[in-house]
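Per-entry structural report
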Amino acid sequence: MTTPLIRTEKLSKTYHIGGGDVRALVDLSIAIPKGEMIAIMGPSGSGKSTSMNLLGCLDTPTSGNYWLDGQDVSQLDSDALAHIRNEKVGFVFQQFNLLARATALDNVELPLTYGRVARRLRHEKAEKALAAVGLGDRMDHRPSQLSGGQMQRVAIARAIVNSPQVLMADEPTGALDSRTGAEIMALFQRLNAEGITVILVTHDEHVAAHARRILRFRDGRLVADEAVAEPIRAAEAVAQMQPMPEAA
Amino acid sequence: MTYADCIRAAVTALRANLLRSILTSLGIIIGISSVIAMVAIGAGAESQIKASIESLGSNIMIVLNGSRTTGGARGGTGSNITLTEEDAQALQRDVPSVEVAAPSVQGRFQLVSGNTNWSTSVLGISEDYMTARNWQIDQGRAFNETEFKSAGKVVLIGSTVAERLFPGEDPIGKVIRINKVPVQIVGTLATKGQTPFGQDQDDTAFIPMSTAKKRVLGGRWVKSNLVGQITVKVRDAENVAEAETQVATLLRQRHRIGEGAQDDFNIRNISQFLAARAESTRVMGILLASVAAISLVVGGIGIMNIMLVSVTERTREIGLRMALGARRRDILTQFVVEAITLSLLGGLIGVALGIGGSHLIAQTGDWPVLIEPQAIGMAVGFSAAVGVFFGFYPARKASKLDPIDALRYE
C-alpha cells in the first residue's frame, strides 16, 4: 500500500483560555489516502474546525505528528506552513472570501502571486482554473457582479489553481440555496474524480452524504469513522431539480 | 509576492477607498507643499540679500569724513575733511584684521561726449579700491600703475553711463570730458545692479585718485593728501565689528581726539546690517519650515490612523491571504508599501503644489523664491520616510494576526 496523503498520530491541540485548558482535539490518528473524498462532521465545539485548521496547516498541534504528502509538518514555523498551504492545500470557505475589488481572474491568481509564479503563467493557470469551474466567460467580473454560486466557483477555482494535493472546504454550501449547493457539490465530486483529495467540513448530514467516508467528532475526539455505502451523486440530483433561472 | 505585485495591490486597495486615500494624503500634500514653498521663500530672500552684500563688496566698511557739523546745516562736508591717504596706509599697516584700506575721492560732474552729456558720480580711486568693492572690468582694462601715479587721463565707466553716452556703441577708446578735462575710456565696469536701497551702482565713473585731485577737482585738492572716504575690507566677515572698533581707535589716535570728544569721522558698515537681515530671514525661514514640518508629522499620524483602520477592516482579507500562502513578511510588505504609496503620492503632489505655489508667490507678491533641487529631493525622501515610519506599526500589527482568528473575524 502506498503512503497515505494525510497521516496523523495522536494529533492534539490544547487552548489556554482564561486560565483553564480547553482540549480542542485529542489524540487524532487517521490516515487519508490520495483521491479520497471525506467529510468531517460534528456539532460546534466538537473539534472539527480545529482538525480542519491542523490538517490545512493553518495551525500547529500542541502534540502529536502530522505527515502531509510524506512530510512531517507538525513542527514547521509559520513561513514554512505558509509555503505548504500555498503549494499543497486549497481552501474553500462558506463566505467565499473573495477580494471585492478584484476581478475573478485576479482573485484566482492571488495564490500564484505568493508562489512567485511569472505573470504570464499566472494568467494561463487562472484562466484554465476558471474554465474548469465553468466560468470561462466571467473572468473580468467582480464578485459584486456574480451570483453566490458563481462566487463560490471562483473561490473553488482559486483553491485548485495551484494544483493542490488536498482541497479543504469549510461549509462550502452553507451560504447557498439548495440547487446552487447541489451544483457546487457536483463540482467537488467532479474534481475529486479527477484526482484531487477533498475534505468537507460540515454539520449538515446531507452535505456529508456526498463523501465516501465520514469522520464524526465529539468533544475533541474522533468518535466514528464510517464509509458511505452509496454517496449522493450531486450531478444527478441537479438534473432532477426544476430548472431555475440563474441570476446573471 | 514581488514588489510589483505589492504596488499593484496597494494601488488597488487605495483606489477602493479613493476619497479616503485622498483625504489621508492631504496631510502630506499640505505638509510637503508648504515645506517646499517656505524653503523656497526663505532661500530666495537669503540669496537676494547675499547677492546684495556681494555687490556692495563683502566684509566692507566705509570710513566717511566727519560730522563736526552736527547741529549745523548740512553741506559742510568739504570744510570738514580730515581723512588722509596716510590714514588709509596706517589702517592697512597697523590693523591686522584689515585686508585693504582704499582711499577715494568723489564728486558729481557732467560727463560730456560730443553733443550728449550725463551727470554722474565720479570717483577718484586708489589702486586697491576695485578689489575692496568687488568691481570687475567688463570690457577693456583697468588702470595701470603709471596712470594711478601720474594722474593719467583715463576713465572707467559704469554700464549705465555707457548706455547714456554711447547707446549701441563701443565706448572703449572714446574720449569724454569730465569737468572740461578730456579723459579716454579704457574700460567699462561689469554691471552690479541696484543696492538693496535702490541706488543704481552702475551710474558711476572711475578715474585714478591722482587724476581726480590734480585735474578734475582741482583747487585745494591738488596738493593735499586728504581723501573723501576710505573703503576698508576686513579679512573675515566675522570680525567686522571688532575691526570697526580697532579702526575707530586708530583714527582717533591719529586725529588726536581726546577722551570724550566726538569722532571726526563716520564708520558705515552696510554689510553687517545686511548680514543681520540675512540671518533674521534665515531664522524666519527655519521657523516657517518647522511649522510646515510639524504638519508633515500630523499628516503621518493621519496615515497611521487610516492604516490601522484599514488593517482592522481588512482582517478577513489578511486571513485569506495567509491561508493562500502569504508569509508574515508578505503581509508586512504589502501594508508598508501601501502606506509608502499613500505618503509618496501625497509627497509628489505636494512637491508639484509647492513649486506652483512658490511661482505664484514669486509673481503676485514680487517675492524672490529659490527652489533648490535638494529641497525637493529631501521632501520626497521625507514623505517616503513618513510612510515607512507611520506605516510600519499598522503593517506589523497586520502581519502578526493569527490566520484562523483573522479568517473568522466578522
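Above this text you will find the structure in question.
Calculation rules
Throughout this document, residue positions are counted from 1 along each chain, in the order its sequence is written. Here the convention is simple: chains get letters from A, ligands get numbers from 1, in the order in which they are written. The predicted origin of the model limits local features to residues at a pLDDT of at least 70 and limits the giving and counting of side-chain atom pairs to 80 or more, whereas totals for whole chains, interfaces and linings rest on all residues. Strands are runs of DSSP state E lasting at least 2 residues, helices are runs of H or I lasting at least 4, and numbering of each runs from the N terminus. All radius of gyration figures rest on C-alpha atoms, and the globule criterion is 2.2 Å times the number of residues raised to 0.38. Partly exposed residues are those whose C-beta has more than 12 but fewer than 20 other C-beta atoms within 10 Å; 20 or more makes a residue buried and 12 or fewer makes it exposed, with C-beta atoms placed from the backbone. Each residue is represented by a C-beta atom placed from its backbone, and any two residues with such atoms within 7 Å are regarded as in contact. Throughout this description, the term nonpolar core refers to a group of buried Ala, Val, Leu, Ile, Met, Phe, Trp, Tyr and Cys residues whose C-beta atoms join them within 7 Å. When DSSP finds at least two bridges between two strands, those strands are taken to pair. Charged means Asp, Glu, Lys or Arg here, nonpolar means Ala, Val, Leu, Ile, Met, Phe, Trp, Tyr, Cys or Pro, and polar covers whatever is left, Gly included. The angle between two axes is taken between their N-to-C directions and runs from 0 to 180 degrees, where each axis is a line fitted to C-alpha atoms and a helix contributes only its stretch in contact. Oblique is the label for any angle not covered by the other classes, which are roughly parallel (under 35 degrees), roughly antiparallel (over 145) and roughly perpendicular (65 to 115). Working rule for handedness: look at the near helix, and if it is turned counterclockwise from the far one by less than a right angle, call the crossing left-handed; if clockwise, right-handed. Residue count minus one, scaled by 1.5 Å, sets the expected span of a helix.

1. With respect to the overall build of chain B
Counting secondary structure elements, chain B contains 13 helices and 10 strands. The C-alpha radius of gyration computed for chain B amounts to 33 Å, which surpasses the reference 22 Å derived for 410 residues by more than 25%, pointing to a less compact arrangement than a globule. Burial analysis of chain B (410 residues in total) assigns 42% to the buried set. Contacts in chain B between residues at least 24 apart in sequence constitute 83% of all its contacts with a sequence separation of at least 6.

2. Some details on the overall build of chain A
In terms of helices and strands, chain A carries 8 helices and 11 strands. Relative to its length of 248 residues, chain A is compact, with a C-alpha radius of gyration of 18 Å against a globular reference of 18 Å. Principal axes of the C-alpha set define a box for chain A whose edges measure 50 × 45 × 45 Å. Going through the 248 residues of chain A one by one, you find that 47% of them count as buried. Looking at chain A alone, contacts between residues at least 24 apart form 68% of all its contacts between residues at least 6 apart.

3. What about the nonpolar core?
Formed by 125 residues in total, the largest nonpolar core has its most connected members in A:Ile40, A:Ala157, A:Leu167, A:Ile199, A:Leu200 and B:Ile36. B:Ala88, B:Val122, B:Val183 and B:Ala243 belong to the second largest nonpolar core, which has 51 residues in total.

4. Points about the pairing of strand 6 (residues 175–178) of chain B
Residues and elements named next belong to chain B. By the alternation rule, side chains of strand 6 split into Ile-176 and Ile-178, which are all buried, and Val-175 and Arg-177, of which none is buried. Direction of pairing for strand 2 (residues 98–113) relative to strand 6: antiparallel, over a ladder of 2 bridges. Directly across from Val-112, in strand 6, lies its bridge partner Arg-177. What sits between strand 6 and strand 7 (residues 181–189) in their antiparallel hairpin is a turn of 2 residues, with Asn-179 showing a positive phi close to 50°.

5. Here we look at the interface of chain A and chain B
Taken together, the 20 residues of chain A in the interface contact 18 residues of chain B. Going through the elements one at a time, helix 2 (78–88) and helix 3 (104–114) of chain A are the ones with two or more residues in the side of chain A that touches chain B. Considering only residue class, the side of chain A that touches chain B consists of 8 nonpolar, 7 polar and 5 charged.

6. A short note on the packing of helix 5 (residues 148–160) of chain A against helix 6 (residues 178–193) of chain A
All names here are of chain A. The geometry of helix 5 relative to helix 6 is characterised by a closest axis approach of 10 Å and an angle of 20° between their N-to-C directions. By the angle between their directions, the pair helix 5 and helix 6 is classed as roughly parallel. Considering the relative orientation of helix 5 and helix 6, their crossing is right-handed. In this structure, helix 5 uses Gly-148, Gly-149, Gln-152, Arg-153, Ile-156 and Ile-160 to contact helix 6, whose residues at the interface are Thr-180, Glu-183, Ile-184, Leu-187 and Leu-191. Here the contact of helix 5 with helix 6 is composed, by residue class, of 5 nonpolar, 4 polar and 2 charged.

7. With respect to helix 11 (residues 328–364) of chain B
Residues three or four positions apart in an α-helix share a direction because the helix packs 3.6 residues into each turn. Helix length check: helix 11 of chain B (37 residues) gives 53 Å between terminal C-alpha atoms against 54 Å at 1.5 Å per residue, within 8%. B:Asp366 sits one or two positions beyond helix 11 of chain B and adopts a positive phi of about 50°.

8. Observations concerning the pairing of strand 8 (residues 166–170) of chain A
Residue and element names in this part refer to chain A. The buried count for strand 8 comes to 5 of 5 residues, which makes it a mostly enclosed element. Of the two faces of strand 8, the one lined by Val-166, Met-168 and Asp-170 and the one lined by Leu-167 and Ala-169 are each fully buried. Relative to strand 8, strand 7 (residues 89–92) is paired through 4 bridges, and the arrangement is parallel. Note on strand 8: the bridge partner recorded for Phe-91 is Met-168.

9. Some thoughts on the environment of A:Asn107
All names here are of chain A. Tracing the sequence through the fold places Asn-107 in helix 3. Asn-107 sits in the buried class, given 27 other C-beta atoms within 10 Å. Between the C-alpha atoms of Asn-107 and Ala-157, which are 50 residues apart in sequence, the distance is 9.1 Å. When residues no more than four places from it in sequence are discounted, the contact partners of Asn-107 are Leu-98, Leu-99, Ala-102, Val-154 and Arg-158.

10. Some points on helix 7 (residues 209–217) of chain B
Residue and element names in this part refer to chain B. Across the 9 residues that make up helix 7, a large majority, 7, are buried. Taken together, the buried positions of helix 7 are occupied by Met-209, Thr-211, Ala-212, Lys-213, Arg-215, Val-216 and Leu-217. Where helix 7 is buried, its residues meet strand 2, strand 3 (116–125), strand 6, strand 7 and strand 8 (204–208).

11. Digging into the sheet that holds strand 8 of chain A
Residues and elements named next belong to chain A. On the basis of which strands lie adjacent, the open sheet formed by 6 strands has the order 7-8-9-4-10-11 and mixed pairing. Where the open sheet ends on each side, the last strands, each with one partner, are strand 7 and strand 11 (221–227). Neighbour-to-neighbour, the strand axes of this sheet turn through a mean angle of 20°, independent of strand direction. Where helix 6 meets the sheet, it contacts strand 4 (37–41), strand 8 and strand 9 (197–202), and its direction lies at approximately 150° from that of strand 9.

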